[in-house]
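A closer look at the structure
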Amino acid sequence: MTIKNSFEKIFRKIGIILVISVLSFILIELISKIFMHYVNLEIKKEYLEHPVISKYPNGKDYLNDVYNYKWDRKFYPYYAFKEKEFKSKTININHLGIRQTIGNCQNKKSVKINIYGGSTVLGVGVADDQTIPSHLAKILNQTLKKKNADEIKKCYLVKNEGGGFWVSSQDFIRFQNSINKIDNEIDYAIFYQGINDIIAVKKGGKPGDMDPLYSYYLSFLNNNKLSVAKFLVNNSNTFSAISNLLFKIKKKSDKQNVVIINKIRNNSYISSAISEIYINNILNNSLICNRKQIKCIFILQPYPLLTKKKLSKNEKKIFNSSKSENSLTMHDSNIKLSEKVYEKIINDKRVLKLNNFYDFTEIFDLDTQELFVDTAHLLDLGNKIAANKIFNIIKKP
């Protein structure tokens, strides 16, 4: 056998292996695509049949928009992630990750109000015109219609600086970036926070850290080096299918991990660490506001999970679903940890000295109407109640 014949056989084998590999990959991709099609149908069904949102005006349009958007995020320097640009009937977010505020008035005398916070401020659960910033803009500017012409010129421009999964440390960085821009004057900075500092720890993060999953995943995607792994993350149905299965396995193991959950519940260090970081962010923001002559308002947001209000039939259904998803032990631990953190914040001597800190944790307790999308987010009416409370603070002499 000549050397030439040997090389031909080797190359023939390599060629056959490559062809088989490519065909196998294509077959696996097709199978994964079919699998993800049925997974997405199941997800879409869950989205479109939300027991509360689906029955409200624009509810089905909103759910359809959420299904298409999925609150997708991209990497941003300094604060890790922010919402991607999106345009639809009920959700409109610009290239900077800022959601549209309805009811604004803009002129040379506009009073500029920035509202910082997590997904509740962003408006998860409601359309553009039903977010807290939109309700606040409408309330503020509608009151001016009864005033004289000079006062009407001084209207209000409210900016939605909310970010899904954002913790108070990310808001602190975002606030600093906002005021350092020459063309970005701010008259009011409103911080509506609390829940995500707790949820980030519950998801496996350290106190003060941002959501661990998004932080790692989006930092990886921001890597400028092209790689097979990066290509698969963005384009492969197989990768999506495997990720979906791993997520379900992890979710199941999280339910069973009672020992760690109990440690979190019983560890006073964790609740102290979360509350301390939250308070320090408030105090640091307060110093910046005083130096820049910005009127700051700090709000400890209501946590539906801790509510004492009488729940509607649909709200009970959602809350019970949360219990079954997280297991009773995890659900109970969630409540215990959250109560400890909120209690430490409310009773802290430094916080009590602030004349611009407001505890909103009980604003819904006496209400009997349907207010909650889930154990963290608010319906249109809930956002409107919160916006009215903020309006009263702004208009307070």
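So, a few notes on the structure that sits alongside this text. (Residues numbered from 1 in each chain as written. Predicted model: local features only at pLDDT ≥ 70, side-chain atom pairs only at ≥ 80, totals over all residues. Heavy atoms only, no water.)

1. Things to note about a positive patch on the surface
Together, K109, K154, K295 and K395 give the surface a local cluster of positive charge. For K395, the location among the structural elements is in the segment after α15 (380-394). By relative accessible area, K395 is classed as partly exposed at 39%. (Patch = residues over 30% accessible without salt bridge, like charges linked within 9 Å, V, L, I, M, F, W, Y side chains within 5 Å. Areas by Shrake-Rupley, 256 points an atom, 1.4 Å probe, with all protein chains shown as cover. Salt bridge = Lys/Arg side-chain N within 4 Å of Asp/Glu carboxyl O. Lys, Arg positive; Asp, Glu negative; His and termini not counted. Charge placed at Lys NZ, Arg CZ, Asp CG, Glu CD. Helix = DSSP H or I, 4+ residues; strand = E, 2+ residues; numbered from the N terminus. Buried < 20%, exposed > 50% of the residue type's maximum accessible area, 1.4 Å probe, protein only.)

2. What to know about the sheet that holds strand β8 (residues 295-300)
The strand order β6-β5-β7-β8-β9 describes an open sheet built from five strands, whose pairing is parallel. With partners counted over all chains shown, the strands left at the sheet margins are β6 (156-162) and β9 (357-359), one partner each. The mean angle between the axes of side-by-side strands here comes to 20°, regardless of whether they run parallel or antiparallel. Bridging between strand β7 (residues 188-193) and β8 involves six bridges; their strand directions are parallel. (Pairing = 2+ DSSP bridges. Axes fitted to C-alpha atoms, helices over the stretch in contact; angles between N-to-C directions.)

3. Structural notes on the packing of aromatic side chains
For the structure shown, the criterion picks out ten aromatic pairs. Considering the side-chain rings of Y69 and F86, the 4.3 Å spacing of their centres and the 15° angle between planes classify their relative orientation as stacked. One end of the pair, Y69, is in helix α2 (residues 59-69); the other, F86, is in strand β3 (residues 86-87), and 17 residues separate them in sequence. Plain terms: the ring middles of Y116 and F175 are 5.6 Å apart, the flat faces sit at 75° to each other, and that makes the pair edge-to-face. Taken as a pair, Y116 in strand β5 (residues 111-117) and F175 in helix α6 (residues 168-179) lie far apart in primary sequence, 59 residues in all. An aromatic cluster of three or more residues is present, and its members are Y116, F175, F191 and F298. We note K70 situated over the ring of Y67; from NZ or CZ to the ring centre the distance is 3.9 Å. (Phe/Tyr/Trp six-rings, centres within 6.5 Å; stacked < 30°, edge-to-face > 60°. Lys NZ or Arg CZ within 6 Å of the ring centre and 35° of its normal.)

4. Some points on the environment of Q170
Position of Q170 among the secondary structure elements: in helix α6. When the C-alpha atoms of Q170 and G117 are compared, they prove to be 9.0 Å apart, with 53 residues separating the residues in sequence. Apart from the residues lying within four places of it in its own chain, the contact partners of Q170 are Y79, F81, F165 and M210. (Contact = heavy atoms within 4.5 Å.)

5. Looking at the pairing of strand β2 (residues 80-83)
The pairing of strand β1 (residues 73-76) with β2 spans four bridges and is classified as antiparallel. Paired with K74 across the two strands is K82, which belongs to β2. The turn linking β1 back onto β2 is made up of three residues, and Y78 within it adopts a positive phi angle of 80°.

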